[in-house]
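Spelled out from the first residue to the last, the chains are:
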Amino acid sequence: MSHSQSKRSDNSNPQSEGGDGNTQIASGAGDPAISRRRFLRAGAALGGLAVVGGGGYVWWRRQPPDHDLPRLTVEEAFAKAKAEELILVDIRTPREWRASGVPVGSHQIDMRREDFLAALDQVTGGNRSAALALICARGVRSARVTLALDAAGYSNVIDVPEGMLGSAAGPGWLRSNLPVARWKGQG
């Protein structure tokens, strides 16, 4: 029996030196040893896959869901809200309203509110067929809430996919130089 064979068959020492100077990790009775370097490379590869997978998840979460419901540009939404042809609802958070202001003529209802539908019904007077245009920062949340409201029985929900900050759909409310008001709420 050679010197390296005797080390591999020695089950009393789970780690031993291989011929190339790498630490060997014995995986069990009769299994070949794995070099430490190979073990660490495999771990790094799995870690890299986790990062890529996590990044993919983050990318996916930032994509608006596709829908065939009506959409408006920010200019159209502003003009229709000003003419009182629709109700413009900013569904962002109070922190976002404070940071960038709110679209002139909009109603601010944080989409995370537990009573979101009740607050929306208060703004529409309970009319679920009223024209509602939803705007958020970049069109992702507005697309999701548009779909949710359509499923909840609102029959005239319109998405403003550019959002306040712009998206692939267009430059957004702020870069289009549409009027913005300072948010006067609390929170």
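Structure shown above.
The structure reproduced in this document is the subject of the present report. Everything quoted here is computed from the prediction, not taken from an experiment.

A word on the side chain of S106
When you line up the elements, S106 lands in strand β6 (residues 106-108). A polar side-chain atom of S106 sits 2.7 Å from the main-chain carbonyl oxygen of P103. At a separation of 2.8 Å, a polar atom in the side chain of S106 contacts the side chain of Q108. When residues no more than four places from it in sequence are discounted, the contact partners of S106 are L88 and D90.

Some details on the sheet that holds β6
Pairing is parallel in the open sheet, where four strands are placed in the order β6-β4-β7-β8. Of all strands in the sheet, those bounded by a partner on one side alone are β6 and β8 (157-159). In this sheet, adjacent strand axes meet at a mean angle of 30° when their direction is disregarded. Note that strand β4 (residues 87-90) and strand β7 (residues 132-135) share four bridges and pair parallel. Bridge assignment links I87 to a residue of β7, and that residue is L132. Here helix α5 (residues 116-124) sits on the sheet in contact with β4, β6 and β7, set at roughly 150° to β4.

Digging into the environment of P103
Examined against the element boundaries, P103 turns out to sit in strand β5 (residues 102-103). Looking at P103, the relative accessible area reads 1%, which means it is buried. C-alpha of P103 to C-alpha of L178: the two residues are 75 residues apart in sequence and 7.7 Å apart in space. In this structure, P103 is in contact with L88, D90, R92, I135, M164, W173 and P179, ignoring residues within four places of it in sequence.

Digging into helix α3 (residues 74-82)
Turn by turn, an α-helix covers 3.6 residues, leaving residues three or four places apart pointing in a common direction. For α3, every residue scored as buried is listed here: V74, A77, F78 and A81. Projected down its long axis, α3 shows its buried positions confined to an angular sector of 100°, all on one face. Residues of α3 that are buried sit in contact with β4, β7 and α7 (172-175). The first or second residue beyond α3 is E84, which carries a positive phi of 60°.

Brief notes about the pairing of β7
Burial along β7 is two-sided: L132 and L134 facing one way and A133 and I135 facing the other are all buried. Here three bridges tie β7 to β8, and the two strands are oriented parallel to one another. When the bridges of β8 are listed, A133 appears paired with I158. The β-α-β motif built from β7, the intervening helix α6 (residues 140-151) and the parallel element β8 has right-handed crossover chirality.

A look at the pattern of salt bridges
When their charged atoms lie close together, side chains carrying opposite charge are able to pair. Counted according to the given criterion, the structure contains six salt bridges. The salt bridge involving K80 is made with E85; its shortest N-O contact spans 3.5 Å. On the basis of relative accessibility, which here comes to 49%, the residue E85 falls in the partly exposed class. R141 is the partner of E96 in a salt bridge, and the nearest nitrogen-oxygen pair spans 2.7 Å. With a gap of 45 residues between them, E96 in helix α4 (residues 94-100) and R141 in helix α6 connect regions that are remote in the sequence.

A look at the pairing of β4
On β4, burial covers both faces: I87 and V89 on one face and L88 and D90 on the other are all buried. Strand direction decides the pairing type here: β4 and β6, joined by three bridges, are parallel. When the sheet's bridge partners are listed, L88 is paired in β6 with S106.

Cut-offs and rules
Residues numbered from 1 in each chain as written. Predicted model: local features only at pLDDT ≥ 70, side-chain atom pairs only at ≥ 80, totals over all residues. Heavy atoms only, no water. Helix = DSSP H or I, 4+ residues; strand = E, 2+ residues; numbered from the N terminus. Polar contact = N/O pair within 3.5 Å; in protein donor to acceptor, adjacent residues only side chain to side chain. Contact = heavy atoms within 4.5 Å. Pairing = 2+ DSSP bridges. Axes fitted to C-alpha atoms, helices over the stretch in contact; angles between N-to-C directions. Buried < 20%, exposed > 50% of the residue type's maximum accessible area, 1.4 Å probe, protein only. Arc of directions from axis to C-beta. Right-handed = clockwise from strand over helix to strand, strands pointing away. Salt bridge = Lys/Arg side-chain N within 4 Å of Asp/Glu carboxyl O.

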